[in-house]
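# An overview of the molecular structure
So the chains spell out like this:
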Amino acid sequence: MSTPRFLNLPPGVAPQRIETPLGAFAVLEALPVSGVVERWPALLVPGLTGSKEDFIAVMQTLAQSGRRVLAIDLRGQYETPGPDDPEAYTCGALGADVDAIAQVVGHGEPVHLVGHSFGGLVAREAVIDGRTKFASFTLMSSGPSAITGQRAHNGRKIMKELPEHGLEHIWHTRIEPEALANGVPDEIVAFLRKRLLANSPTGLARMAEEVLTMHDRTEELRQIEVPTLVLFGEHDDGWPADIQRHMAARLGAERMVVPGAVHSPSVEAPETTAQALVRFWNAAESASWT
């Protein structure tokens with residue numbers, strides 16, 4: 001689980017709701033605290049047990065590059081409600097939500113799209129389906145197919161235990177002990193509990209199934225003409241670094257390895273991550289204007 005290190009919103013960052021034809025979505029919106037919005041906007045998509053707050057530490061820096069930046073809660077996550085229908089939480093269905101949000105945010109202009117972990121699989125669906133013109137696409141700590149290792153083990157546990165025991169059980173037996181063992185401050189622990197219990201149990205279980213069974217769509221993504229960045233921590237414990245390097249090579253994508261980071265670069269190395277995104281976005285825009 002991505003664990004924000006602070007929750008106080010920086011200057012220029014505020015909670016909002018985005019209305020789309022597919023429903024309303026909770027977002028954090030960042031605008032430049034000085035200067036004006038003069039570049040294409042960006043949309044940040046969180047992972048399976050995450051939320052928009054996972055991006056708090058990078059949003060001010062990203063916005064200061066002259067952009068409107070929005071981090072979202074996916075359908076059924078934290079402050080975005082979702083139905084009890086499991087089919088609403090497939091990567092394809094969630095990708096359609098991302099399309100709808102991007103089209104509202106872009107107002108006809110291309111949007112830079114970033115997907116973290118499971119959010120990368122969701123965002124990839126939006127890129128491949130061709131409904132929206134994206135300025136660029138960043139896979140952040142996200143692989144070509146199903147997640148592996150300990151995170152896969154945790155996902156299988158969620159799928160097994162949620163229907164029988166519920167979210168409180170997941171919190172008390174898995175997430176709270178891990179947070180306490182890692183010395184997470186009390187106010188952040190309280191937030192993690194509030195966030196988890198606000199999730200749709202149906203949604204969380206189906207998303208876990210999706211991340212554990214996702215097939216490789218790298219070749220389909222390669223056919224889409226969009227500047228692509230594969231960015232991950234050097235110690236990523238979700239998809240091994242070698243798998244992400246190979247994916248980047250198959251895509252002909254840029255690659256950025258974030259020193260010292262594990263699976264959540266926007267939390268663990270926010271300045272390095274933000275600078276890498278801004279550089280990549282600026283280059284993508286410059287190329288499109290020539």
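Residues numbered from 1 in each chain as written. Predicted model: local features only at pLDDT ≥ 70, side-chain atom pairs only at ≥ 80, totals over all residues. Heavy atoms only, no water.

Glancing now at empty space enclosed by the protein. Taken as a whole, this structure holds one cavity of 30 Å³ or more when the rule is applied. Volume-wise, the largest cavity comes out at about 50 Å³. Of the residues that constitute the lining of the largest cavity, the class distribution is five nonpolar, no polar and three charged. (1 Å grid on protein atoms, 1.4 Å probe; cavity = no way out; pocket = protein on both sides within 12 Å on 5 of 7 lines; lining within 4 Å. Points joined across faces, edges and corners; volume = space filled by probe spheres on them. Nonpolar A, V, L, I, M, F, W, Y, C, P; charged D, E, K, R; others polar.)

One can describe the packing of helix H5 (residues 167–181) onto helix H6 (residues 186–198) by two numbers: an axis separation of 10 Å at closest approach and a directional angle of 155°. By the angle between their axes, H5 is roughly antiparallel relative to H6. For the pair H5 and H6, the sense of crossing is right-handed. Across the interface between the two elements, Leu167, Glu168, Ile170, Trp171, Ile175, Ala179 and Leu180 from H5 touch Val189, Leu192, Arg193, Leu196 and Leu197 from H6. Classifying every residue of the contact of H5 with H6 by side-chain character gives ten nonpolar, no polar and two charged. (Axes fitted to C-alpha atoms, helices over the stretch in contact; angles between N-to-C directions. Helix = DSSP H or I, 4+ residues; strand = E, 2+ residues; numbered from the N terminus. Parallel < 35°, antiparallel > 145°, perpendicular 65-115°, else oblique. Left-handed = near helix turned anticlockwise from the far one by under 90°. Contact = heavy atoms within 4.5 Å.)

The mixed open sheet is built from eight strands, whose spatial order is E1-E2-E4-E3-E5-E6-E7-E8. Looking along the sheet, the strands with just one partner apiece sit at the ends: strand E1 (13–20) and strand E8 (254–258). Within the sheet, the average angular offset between the axes of one strand and its neighbour, ignoring direction, is 25°. Bridge count between strand E5 (residues 111–116) and strand E6 (residues 134–140): six bridges; the pairing is parallel. Looking across to E6, one finds that His116 is bridged to Met140. Seen against the sheet, helix H3 (residues 118–129) touches strand E3 (42–45), E5 and E6 and runs at an angle of roughly 145° to E5. (Pairing = 2+ DSSP bridges.)

Moving on, we get to helix H1 (residues 56–63). Buried residues of H1: Ile56, Val58, Met59, Leu62 and Ala63, and no others. Projected down its long axis, H1 carries its buried residues within an arc of 150°, all on one side. (Buried < 20%, exposed > 50% of the residue type's maximum accessible area, 1.4 Å probe, protein only. Arc of directions from axis to C-beta.)

This brings us to the layout of surface pockets. If you add up the space inside the largest pocket, you get close to 560 Å³. In this structure, the largest pocket is lined by 26 residues; those nearest its centre are Met1, Thr49, Arg151, Asn154 and Ile158. By residue class, the composition of the lining of the largest pocket is ten nonpolar, eleven polar and five charged. Size it by volume and the second largest pocket reaches roughly 420 Å³. Lining the second largest pocket are 20 residues, and of these Met1, Ser2, Thr3, Asn182 and Val184 sit closest to its centre. Counting only elements with at least two residues in the lining of the second largest pocket, the list comes to H5, H6 and helix H10 (265–268). Examining the composition of the lining of the second largest pocket, we find that three residues originate from one element, H5, more than from any other. For the lining of the second largest pocket, a count of residues per class yields ten nonpolar, five polar and five charged.

Let's shift gears to the environment of Met207. For Met207, the position within the fold is in helix H7 (residues 201–213). On the basis of relative accessibility, which here comes to 1%, the residue Met207 falls in the buried class. Residues Met207 and Glu219 lie twelve residues apart in sequence; the distance between their C-alpha atoms is 23 Å. Ignoring any residue separated from it by four or fewer positions in sequence, one finds Met207 in contact with Leu48, Arg75, Gln77, Tyr89, Leu94 and Phe118.

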